[in-house]
There are 2 protein chains.
Amino acid sequence: MWAVIFTSRRTEGDDGYGEMATQMVELAQTMPGFIRFDSVRDASGKGITVSYWRDPENIRAWREQTDHQVAQKYGREKWYADYEVAVCNVVRAYGKKNLEDGERE
Amino acid sequence: MWAVIFTSRRTEGDDGYGEMATQMVELAQTMPGFIRFDSVRDASGKGITVSYWRDPENIRAWREQTDHQVAQKYGREKWYADYEVAVCNVVRAYGKKNLEDGERE
């Protein structure tokens with residue numbers, strides 16, 4: 001399994017962000033190799049989103065997907081004051097899971 | 001670089017959590033191979049913390065550190081309704097960084 005860690009700080013105001021974010025979540029779920037994602041943003045605008053994928057090829061295809069490219073452009077230009085992307089190979093995962101189906105999203 | 005993704009959902013109430021979390025943040029920073037961490041928790045109690053380390057050996061040493069072991073025990077028993085740990089090898093990282101020094105913490 002692979003993970004993409006997206007750490008970001010939003011600019012002020014929505015400016016189309018909310019609608020696009022919802023679209024991107026729905027779109028990512030249709031991509032080959034998509035496993036799931038977790039996303040948290042606090043009141044200060046700082047957020048971490050981690051998406052999990054089968055293979056690095058799936059991550060590349062998602063990064064290059066046309067609508068996602070548009071979203072990334074807006075992200076760089078107006079939605080994020082700062083962001084960082086880390087592409088990772090998950091070598092071990094464990095935990096205590098009581099989450100309901102769908103609650104992770 | 002390696003990353004530990006800690007995804008969690010807090011139980012209700014503080015119950016010593018805040019004080020221990022502060023201690024663990026300070027302690028982690030003294031551990032060999034520690035690079036930095038990012039942490040976000042929203043009002044619902046859902047959180048993602050990512051710590052970055054030089055080597056997997058550094059991650060193992062941190063997991064086995066005595067005070068951290070105590071914190072992990074309390075975490076399992078009372079502070080977290082659910083949690084998940086993913087240990088990852090970061091193969092690529094990039095972004096747009098305007099963060100002030102220290103602001104990441």
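**Things to note about the overall build of chain A**
Here is step 1 of the chain: What chain A contains, in helices and strands, is three helices and four strands.
Here is step 2 of the chain: The order of helices and strands in chain A, counted from the N terminus, is β-α-β-β-α-α-β.
Here is step 3 of the chain: Considered along the principal axes of its C-alpha atoms, chain A spans approximately 35 × 30 × 20 Å.
Here is step 4 of the chain: Burial analysis of chain A (105 residues in total) assigns 44% to the buried set.
Here is step 5 of the chain: The long-range fraction of contacts in chain A, counting pairs at least 24 apart against all pairs at least 6 apart in sequence, stands at 74%.
Here is step 6 of the chain: When the accessible surface of chain A is split by element, carbon and sulfur atoms take 47% of a total near 5,600 Å².
Here is step 7 of the chain: Computing the positive centroid from 15 side-chain charges and the negative centroid from 18, chain A places the two 6 Å apart.

**Details of the relation of the copies chain A and chain B**
Here is step 1 of the chain: Superposing chain A onto chain B takes a rotation of 180° combined with a translation of 0.0 Å along the rotation axis, leaving an RMSD of 0.0 Å. On this basis, the relationship between the two copies can be described by a two-fold rotation axis.
Here is step 2 of the chain: Take the interface residues of chain A: 100% of them recur as interface residues in chain B, which is what a same-surface contact looks like.

**Section: the environment of Asp42 of chain B**
Here is step 1 of the chain: When you line up the elements, Asp42 of chain B lands in the loop between β2 (34-41) and β3 (46-53).
Here is step 2 of the chain: Since its relative accessible area comes to 21%, Asp42 of chain B is described here as partly exposed.
Here is step 3 of the chain: The spatial distance from the C-alpha of Asp42 of chain B to the C-alpha of Arg9 of chain B is 9.7 Å, given a sequence separation of 33 residues.
Here is step 4 of the chain: Apart from the residues within four sequence positions on either side, Asp42 of chain B is in contact with Val40 and Arg41 of chain A.

Definitions and cut-offs
- Per chain, residue numbering runs from 1 following the sequence as it is written.
- As they are written, the chains are lettered A onward and the ligands numbered 1 onward, keeping that order.
- For this predicted model, a pLDDT threshold of at least 70 governs which residues receive local features, and a threshold of 80 or more governs which side-chain atom pairs are given and counted, while totals over whole chains, interfaces and linings are taken from all residues.
- For side-chain calculations, the full set of non-hydrogen atoms in the structure is used, while hydrogens and water are omitted.
- A run of H or I in DSSP counts as a helix once it spans at least four residues, and a run of E counts as a strand once it spans at least two, with each numbered from the N terminus.
- Burial classification: accessible surface area is computed with a 1.4 Å probe over protein chains only, and a residue below 20% of its type maximum counts as buried, one above 50% as exposed, and the rest as partly exposed.
- Every residue pair with non-hydrogen atoms within 4.5 Å of one another is taken to be in contact.
- All accessibility values rest on the Shrake-Rupley procedure with a 1.4 Å probe; residue burial counts only the protein chains present in the view.
- Positive: Lys, Arg. Negative: Asp, Glu. His and the chain ends are not part of the count.
- By convention, the point assigned to a charge is CZ for Arg, NZ for Lys, CD for Glu and CG for Asp.
- Least squares is the method for superposing the copies, and the C-alpha atoms it fits come from residues with pLDDT of at least 70 in both.

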